[in-house]
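# Summary of structural features
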Amino acid sequence: MNDMENRLRERLRGVYSAVTIEHIMHPHHIDSIPKPDGFAQCGSGCGESMKIWLRLRDDAISDAGFWTDGCAATIACGSMATELAIGKSVVQALAISAQDIADALVDLPSGNLHCAELAADTLRAALKDLLTIQQQPWKRLYRK
């Protein structure tokens, strides 16, 4: 770890839990997935946006990726949302709430709950897209 990363971690410790800091500094699944089974992009009222890509294998989410232009808390929430979704069925993943994401990040400040809401909303939208493609596979041809 370099000096700048140490200073940043010190500043973050005053606000966030160790789990949240880990997801800020080393986000999990922060990448797109080629030819995903489900995809969504959502925005928040504060101008941040998030994209989530999903892959389904054997009736479970086998891979997930995300990208955001949001703040540190939004990065952590996107990272945790994808982490929570992997290995779950679509029905189980649809049940992941903003509070579940905040709880998994351990004491996410209440002022950052909108970041968890953005991640949960984007995950839900990607899951709905996945279900639409399963029911109407021809729609995959019209994806950009």
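No experiment lies behind these values; they were computed from the predicted model shown.

Our next topic: the packing of helix α3 (residues 72-85) against helix α6 (residues 113-135). Axis separation between α3 and α6 bottoms out at 8 Å; the angle between their running directions is 40°. By the angle between their axes, α3 is oblique relative to α6. Read as a crossing pair, α3 and α6 show a hand that is right-handed. Contacts from Ala 73, Thr 74, Cys 77, Gly 78, Ala 81 and Ala 85 of α3 reach α6 at Cys 115, Ala 116, Leu 118, Ala 119 and Leu 123. Of the residues in the contact of α3 with α6, the class split is nine nonpolar, two polar and no charged.

The next point concerns unusual backbone geometry. With a phi close to 50°, Lys 35 is a non-glycine residue in the positive phi region. Mapping Lys 35 onto the fold places it in the loop between α2 (18-25) and β1 (38-43). Classification of Lys 35 as exposed rests on a relative accessible area of 73%.

Here the focus is the packing of α2 against α3. As a packed pair, α2 and α3 sit with axes 8 Å apart at the nearest point and diverge in direction by 95°. Considering their axes alone, α2 and α3 lie roughly perpendicular with respect to each other. Contacts from Val 19, Thr 20, His 23 and Ile 24 of α2 reach α3 at Ala 72, Ile 75, Ala 76, Ser 79 and Met 80.

Procedures and definitions
Residues numbered from 1 in each chain as written. Predicted model: local features only at pLDDT ≥ 70, side-chain atom pairs only at ≥ 80, totals over all residues. Heavy atoms only, no water. Axes fitted to C-alpha atoms, helices over the stretch in contact; angles between N-to-C directions. Helix = DSSP H or I, 4+ residues; strand = E, 2+ residues; numbered from the N terminus. Parallel < 35°, antiparallel > 145°, perpendicular 65-115°, else oblique. Left-handed = near helix turned anticlockwise from the far one by under 90°. Contact = heavy atoms within 4.5 Å. Nonpolar A, V, L, I, M, F, W, Y, C, P; charged D, E, K, R; others polar. Buried < 20%, exposed > 50% of the residue type's maximum accessible area, 1.4 Å probe, protein only.

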